[in-house]
Amino acid sequence: MTVDQPVIAALFFDGLNLSQKVMFGTALLGGISGVVGSFAVLRGRSLVGDMLAHAALPGVCLAFLIMGSRNMLGLSLGALLSGLLAIGMVSLLVHWTRTKEDAAIGIVLSTFYGMGVVLLSIIQKPHIGGNKAGLDSYLFGEPGNMLSADLVLLAVVAAVLLVIVFTFFKEFQLVSFDNDFARSQGWPTLLLDLALMASLAVVTIVGLPIVGIILMAAMIIIPASTARFWTNRLHIMLLLAGAFGAAAGVLGTKLGRGLPAGAAIVLTATGFFVLSLLLAPGRGVVSRVLAEVQLRNRIAREHLLRSLYELSESDLPKRILLPIHKLREYRHWRFLPKLLAGAVESGHVESDDETVKLTPLGLQRAAELTKAHRLWEMYLVQHAGIAADHVDRDADDVEHLLTASLLLELEHELAAEGRLPDITPEVPDSPHELGTDPKNTPSSDF
Amino acid sequence: MNLLPNIAALPLPIGAFSLSPSDWTIIWTGAATNVACALVGCFLVLRRMSMMGDALSHAVLPGLVVAYLLSHSLDIIPLFFGAAAVGLLTTFLIQTLHQYARVPSDASMGVVFTSLFALGVVLVKKFVSGHFDIACVYEGSLELVVLADTVGGLPRPLFTTLIVLLINGLVLILLWKELKLSSFDPALATTMGLSATAMHYLLMTLVAVTAVASFEAVGSILVVAMLIVPAATAHLLTDRLAIMVGISAGIGILAAVLGCIAANYWDTNIAGMMTVAAGALYGLAVFFSPRHGVCSALVRNLQMSLRVLHEDLLAMLYRVEEFDDSKHLTVAEAREAIGGGWLSRWSIAALVRDNRIETAGEQLLLTDLGRTDARKLVRSHRLWETYLVQHLGMPLDHVHEPAHRVEHFIDARLQQELEAEVDTEGQDPHGRQIPE
């Protein structure tokens, strides 16, 4: 490099005041650790970030002892070397010994950190010179110390890593989701894996002085896990994780005035995580509870219609008026009045307080449902060899999930074997007696 | 005049080995902590939950702060309850996130403990600045144990760690069977009416309480190390749980003694040095464990290669003799045939020493002892070839290679069984004599 760092820094960042710098830096860090962390989380290596952050300490101390000053680039290089050494040792331990990966990570993490603490106590002795003030921030993070040069380093690291991720996106995707397949296809999986771990190490080490050890581990895991709630596609996950990380950096430094900045950033990221956990479509708690309730309602409605059909079956095609108490005797119901009201609203039944009657639309729907139920029962009796008096309950569980095409297939199969009863071609007879055996009376939990 | 040499002035670290009473207090405190950690750590390592130690020892921070705020003291009892409560909460959150929100288990651990730790850092800053030194929680101040106030004649940190040691020991003795079963086979434990989940929560509570008791004295890093390292070391040395627990406790004590001596010698942080000592002991076990060590595996492999080489050489000499009684291999030819190099030189020397072969000028001859051994081996080889052809229908030109590999592992009993299975009439499928 012909132009030295401070000059570049002056060109880009000296126009900013400290809080803008801090915000810019934490946003960059959050964004890039979200992207790199996504691969770690998908690969089941979430805690490697934690290990790297701890394992960096002896490298930082040794670099300080050798250089005798707090030069960010030098300290980072020391941290990177000891981080890479730690990763190598974990893979060797897992490969060579019966120690499992979790224990190997823990052993390397704690032993390296112990070494770091020992070295730190040596550094703190009076006869060792140099400015030691900055070293503490390496442990606990102090974004306020951010210099323009640090920002440049961060920006360069982020840019290089983004280019790497962009270039090797397909390869990284493959090893993240199906390492064995990638290997069988002749990809250099070990190399790709190492590349991912090395990027993780680089991000962790540039982030350490900003948010500190534990909170750096958090920046690797939390934005990526947050993004995972929203999508099943890797490139969207990377974008989202980057966005969540950057937003946590900006909001955390803004909201967390007067608080330790690293902790504030992480708590903001946790806030995004909790919101996503609750609200994300598909995987979020709220949408899953809603889907569950809808399914239960549909199943209860279908049980109601089929029960009405079975009760009035002897008088068909005439639609008879059924007393509600008969319906109650036929099957166990929960929330029957609400259920009836819903069915009235959707035009399937007519009902007053005492009686209930299927509408033509309701009869048609009920006939379809009963047919599905009985087809499945017959299939179970004939193909799965389940006793006729046991199928009702099994069919009860499955009938709601049978698709139209599957029903058609069932019908064809039974017809081809001449087993589809032709007495009433639309709805076959039940293979067991209806509602007679109290032990077998299907109960609806809904 | 003082004729005795000044011990401390010697270049050797002999001076460091003389431990003062305050050193012994430090060692006792460290050893009590290490043993308390090792006892529960064995189960963490066996359940592949080692990182829960790391997670819990960080996650308890907000619990400590809340307990401190409620009780207005750093008294150990409220801190215990705070730790136990947060330990249970952490375990519950990690489980729930994993089971119901489908977050991968390691990620859910990471999310929960880092978030709780961040919360703890904020709470410390907001409410208790000055009383809590986070750096001290990390690194420990074992040096200050001797200055602490005393309870019942013991320094307070030693007293609390002894209590935790007692609790852990009692739980282990009382629930030994249950812990053992639920660690090795949680599904079986559940079918036997033993709640593996309850055992999990119990263990995690113990870990949290142990961590908190040890913070003041030794710092969280020694706790994390001692939960994992001695147990993993013991796991390399034995396959029996009771022995593993015993060994790991011993390693904990040894690490405390060695760590204190080394820290005295170099005048550094004692807890850090104890951690390094434990790591070094683990490193020793990695290489020199009799059964699972890297070195013993290498030695075993070498012994096996040598035995195979010896046997191949004997069998080759036998075949040459069988083919033409008057011809013999020269030493150089034999060495070439078994791959050359120092290993072959070594093999021939060993066989000569064991009176299996002898040299006559340039030529290599079998002795009677050697011939008996070779005959046994060639017999195994040809019986196996016959078996492969007759029972597995393998073509003639494919049976030599597998038989060449298997012949070294066919003992007398298997030889008899093979003999009963195959129909030989004294000849192998190539038409060669099967020696008696």
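All of these numbers come straight from a predicted model, not from anything done at the bench.

About the criteria used
- Residues numbered from 1 in each chain as written.
- Chains lettered and ligands numbered in written order.
- Predicted model: local features only at pLDDT ≥ 70, side-chain atom pairs only at ≥ 80, totals over all residues.
- Heavy atoms only, no water.
- Helix = DSSP H or I, 4+ residues; strand = E, 2+ residues; numbered from the N terminus.
- Buried < 20%, exposed > 50% of the residue type's maximum accessible area, 1.4 Å probe, protein only.
- Contact = heavy atoms within 4.5 Å.
- Areas by Shrake-Rupley, 256 points an atom, 1.4 Å probe, with all protein chains shown as cover.
- Rg over C-alpha atoms; globule rule 2.2 N^0.38 Å.
- Axes fitted to C-alpha atoms, helices over the stretch in contact; angles between N-to-C directions.
- Parallel < 35°, antiparallel > 145°, perpendicular 65-115°, else oblique.
- Left-handed = near helix turned anticlockwise from the far one by under 90°.
- Nonpolar A, V, L, I, M, F, W, Y, C, P; charged D, E, K, R; others polar.
- Pairing = 2+ DSSP bridges.
- Domains from an automatic or database assignment.
- Salt bridge = Lys/Arg side-chain N within 4 Å of Asp/Glu carboxyl O.
- Patch = residues over 30% accessible without salt bridge, like charges linked within 9 Å, V, L, I, M, F, W, Y side chains within 5 Å.
- Phe/Tyr/Trp six-rings, centres within 6.5 Å; stacked < 30°, edge-to-face > 60°.
- Lys NZ or Arg CZ within 6 Å of the ring centre and 35° of its normal.
- Polar contact = N/O pair within 3.5 Å; in protein donor to acceptor, adjacent residues only side chain to side chain.
- Buried area = accessible area lost by both parts, 1.4 Å probe.
- Disulfide = S-S within 2.5 Å.
- pLDDT = per-residue confidence, 0-100.

Trainee: How would you sum up the overall build of chain A? Please name residues and give values.
Mentor: Assigned secondary structure in chain A consists of 19 helices and three strands. Relative to its full complement of 446 residues, chain A shows a buried share of 51%. Counting contacts in chain A only where the partners sit at least 6 residues apart, residues at least 24 apart contribute 70% of the total. Counting only carbon and sulfur atoms, one obtains 63% of the accessible surface of chain A, whose full area is about 20500 Å².

Trainee: Break down the overall build of chain B for me, with residues and values.
Mentor: What chain B contains, in helices and strands, is 20 helices and four strands. What you see for chain B is a C-alpha radius of gyration of 32 Å, clearly larger than the 22 Å of a compact globule of 436 residues, by over 25%. Taken along the three principal axes of its C-alpha coordinates, chain B extends 100 × 80 × 35 Å. Per-residue burial over chain B gives 50% buried out of 436 residues. Partitioning the contacts of chain B with sequence separation of at least 6, the portion at a separation of at least 24 is 70%. When the accessible surface of chain B is summed, it comes to about 20600 Å², and 64% of that surface belongs to carbon and sulfur atoms.

Trainee: Can you break down the packing of helix H13 (residues 241-266) of chain B against helix H14 (residues 270-288) of chain B residue by residue, with the values?
Mentor: Residues and elements named next belong to chain B. Following both chains from N to C, one finds H13 and H14 inclined at 125 degrees, their axes separated by 7 Å at the closest point. Classed by the angle they form, the pair H13 and H14 counts as oblique. Taken as a pair, H13 and H14 cross one another with a handedness that is right-handed. For the pair H13 and H14, the contacting residues are Ile251, Leu254, Ala255, Ala256, Leu258, Gly259, Cys260, Ala262, Ala263 and Trp266 in the first and Ile270, Met273, Met274, Ala277, Ala278 and Leu281 in the second. Split by residue class, the contact of H13 with H14 holds 15 nonpolar, one polar and no charged.

Trainee: Account for the sheet that holds strand E2 (residues 349-351) of chain A, with residues named and values stated.
Mentor: Residue and element names in this part refer to chain A. Strand order in the open sheet made by the three strands is E1-E3-E2, with antiparallel pairing throughout. With partners counted over all chains shown, the strands left at the sheet margins are strand E1 (322-323) and E2, one partner each. Pairing of E1 with strand E3 (residues 355-358), which is carried by two bridges, proceeds in the antiparallel orientation. By the bridge assignment for E3, proline 323 is matched with threonine 355. Strands E1, E2 and E3 of the sheet are contacted by helix H14 (residues 285-311), whose axis makes an angle of about 90 degrees with E3.

Trainee: Go over the domain arrangement of chain A, please, and point to the residues and values.
Mentor: When the domains of chain A are assigned, the result is domain 1 (4-281) and domain 2 (290-416). For domain 1 of chain A versus domain 2 of chain A, the distance between C-alpha centres works out to 57 Å.

Trainee: Please set out the pattern of salt bridges residue by residue, giving values where relevant.
Mentor: The final tally for this structure, using the stated rule, is 20 salt bridges over all chains. Across the pair aspartate 368 of chain B and arginine 371 of chain B runs a salt bridge whose closest N-O atoms are separated by 3.1 Å. Here the residue aspartate 368 of chain B and the residue arginine 371 of chain B both occupy positions in helix H18 (residues 368-392), the gap between them amounting to three residues, near one helical turn. Close ionic contact of glutamate 401 of chain B with arginine 405 of chain B constitutes a salt bridge, the shortest N to O distance being 3.8 Å. Of this pair, glutamate 401 of chain B and arginine 405 of chain B both sit in helix H19 (residues 400-406), four residues apart, which is roughly one turn of the helix. Residue classification places glutamate 401 of chain B among the partly exposed positions, given a relative accessible area of 43%. Through salt bridges that share partners, Arg43, Arg45, Glu101 and Asp193 of chain A make up one connected network.

Trainee: Hey, could you go over a nonpolar patch on the surface for me, with residue numbers and the actual values?
Mentor: Residues and elements named next belong to chain A. Taken together, the side chains of Trp230, Val274, Leu275, Leu278, Leu279, Val285, Val286, Val289, Leu290 and Val293 present a nonpolar region at the surface, about 840 Å² in accessible area. As for its position among the elements, valine 289 is in helix H14. Since its relative accessible area comes to 48%, valine 289 is described here as partly exposed.

Trainee: Explain the packing of aromatic side chains residue by residue, including any values.
Mentor: Any aromatic ring pair is given by two values, namely how distant the centres are and how the planes are angled relative to each other. The full count for this structure, using the stated rule, is nine aromatic pairs over all chains. Here the aromatic rings of phenylalanine 244 of chain A and phenylalanine 272 of chain A are separated by 5.6 Å at their centres, their planes lie at 45 degrees, and the arrangement is tilted. Residue phenylalanine 244 of chain A is found in helix H12 (residues 234-255), and its partner phenylalanine 272 of chain A is found in helix H13 (residues 261-279); the two are separated by 28 residues along the sequence. You'll find phenylalanine 244 of chain A and phenylalanine 272 of chain A in the same group, each marked buried. Ring centres 6.3 Å apart and planes at 50 degrees place the aromatic pair phenylalanine 287 of chain B and phenylalanine 288 of chain B in the tilted group. Using a relative accessible area of 37% as the deciding quantity, one classes phenylalanine 287 of chain B as partly exposed. Assessed through its relative accessible area of 57%, phenylalanine 288 of chain B is described here as exposed. What links up through ring pairs into an aromatic cluster is the set Phe39, Phe168 and Phe172 of chain A. Between lysine 338 of chain A and the ring centre of phenylalanine 335 of chain A, over which it is positioned, the NZ or CZ distance is 5.8 Å.

Trainee: With reference to specific residues and values, describe the environment of glycine 110 of chain B.
Mentor: Structurally, glycine 110 of chain B is set in helix H6 (residues 105-128). Note on glycine 110 of chain B: relative accessible area 0%, which makes it buried. Expressed as a C-alpha distance, the spacing of glycine 110 of chain B and phenylalanine 81 of chain B, which sit 29 residues apart in the sequence, is 23 Å. Apart from the residues lying within four places of it in its own chain, the contact partners of glycine 110 of chain B are Leu47 and Ile221 of chain A.

Trainee: A description of unusual backbone geometry should follow, citing residues and the corresponding values.
Mentor: All names here are of chain B. Not every positive phi belongs to a glycine, and aspartate 267 is a case in point at roughly 55 degrees. The phi dihedral of asparagine 355 falls on the positive side, at around 60 degrees, and the residue is not glycine. Position of asparagine 355 among the secondary structure elements: in the loop between helix H17 (341-353) and strand E3 (357-360). A residue is classified by how much of its surface remains accessible, and asparagine 355, at 42% relative accessible area, is partly exposed.

Trainee: Describe the pairing of E3 of chain B, and please don't skip the residues or the numbers.
Mentor: Residue and element names in this part refer to chain B. In the sheet, E3 pairs with strand E4 (residues 363-366) via four bridges, with the strands oriented antiparallel. In the sheet register, alanine 360 faces E4, and the bridge partner there is glutamine 363. The turn linking E3 back onto E4 is made up of two residues, and glycine 361 within it adopts a positive phi angle of 65 degrees.

Trainee: Describe the side chain of threonine 204 of chain A, and please don't skip the residues or the numbers.
Mentor: Residue and element names in this part refer to chain A. Checked against the element boundaries, threonine 204 lands in helix H10 (residues 189-211). Of note is the side chain of threonine 204, whose polar atom sits 2.6 Å from the backbone oxygen of leucine 200. Contacts of threonine 204, omitting those with residues within four sequence positions, involve Gly49, Leu52, Ala53, Met216 and Ile220.

Trainee: Tell me about the interface of chain B and chain A, and please be specific about residues and values.
Mentor: Contact residues are listed per partner, giving 55 residues for chain B and 52 residues for chain A. Carbon and sulfur atoms make up 74% of the area that chain B and chain A hide from each other, which totals about 4400 Å². For the interface between chain B and chain A, the tally reads one salt bridge. Between arginine 98 of chain A and aspartate 239 of chain B there is a salt bridge, and its shortest N-O distance comes to 2.9 Å. Here chain B is connected to chain A by 14 residue pairs in polar contact (both at pLDDT 80 or more). Elements with a contribution of two residues or more to the side of chain B that touches chain A: helix H3 (50-59), helix H5 (76-100), H6, helix H7 (134-139), helix H12 (220-237) and H14 of chain B. For the side of chain B that touches chain A, the leading source of residues is H6 of chain B, giving 15 residues. For the side of chain B that touches chain A, the residue count by class is 33 nonpolar, 13 polar and nine charged.

Trainee: Please give an account of the state of the cysteines that cites residues and values.
Mentor: Inspection of every chain in the model, using the stated rule, returns zero disulfides over all chains. Of all cysteine sulfurs, the one in cysteine 42 of chain B lies closest to cysteine 37 of chain B, which takes part in no disulfide; the gap is 11 Å.

Trainee: Summarise the environment of valine 285 of chain A; cite the residues concerned and give the values.
Mentor: Residue and element names in this part refer to chain A. As for its position among the elements, valine 285 is in helix H14. Note: C-alpha distance between valine 285 and valine 381 (96 residues apart in sequence) is 38 Å. For valine 285, the contacting residues outside a window of four places in its chain are Leu277 and Leu278.

Trainee: Give me the lowdown on the confidence of the model for chain A, citing residues and values where you can.
Mentor: All names here are of chain A. Scored by pLDDT, chain A has a mean of 81; 84% of the residues are at 70 or more. Looking at the elements of chain A, mean pLDDT is at its lowest for helix H1 (residues 5-13), recorded as 54, and at its highest for H12, recorded as 92. Low pLDDT, under 50, characterises residues 436-446; the stretch is placed with 21 contacts to residues that sit more than four places away or in other chains.

Trainee: Lay out the confidence of the model for chain B with the relevant residues and their values.
Mentor: Residue and element names in this part refer to chain B. Within chain B, residue pLDDT values average 83, and 90% of them lie at 70 or more. This stretch, residues 1-12, has a pLDDT under 50; its non-local contacts, to residues over four places away or in other chains, come to three contacts. Two summary scores accompany this predicted model of the complex, namely pTM at 0.79 and ipTM at 0.82.

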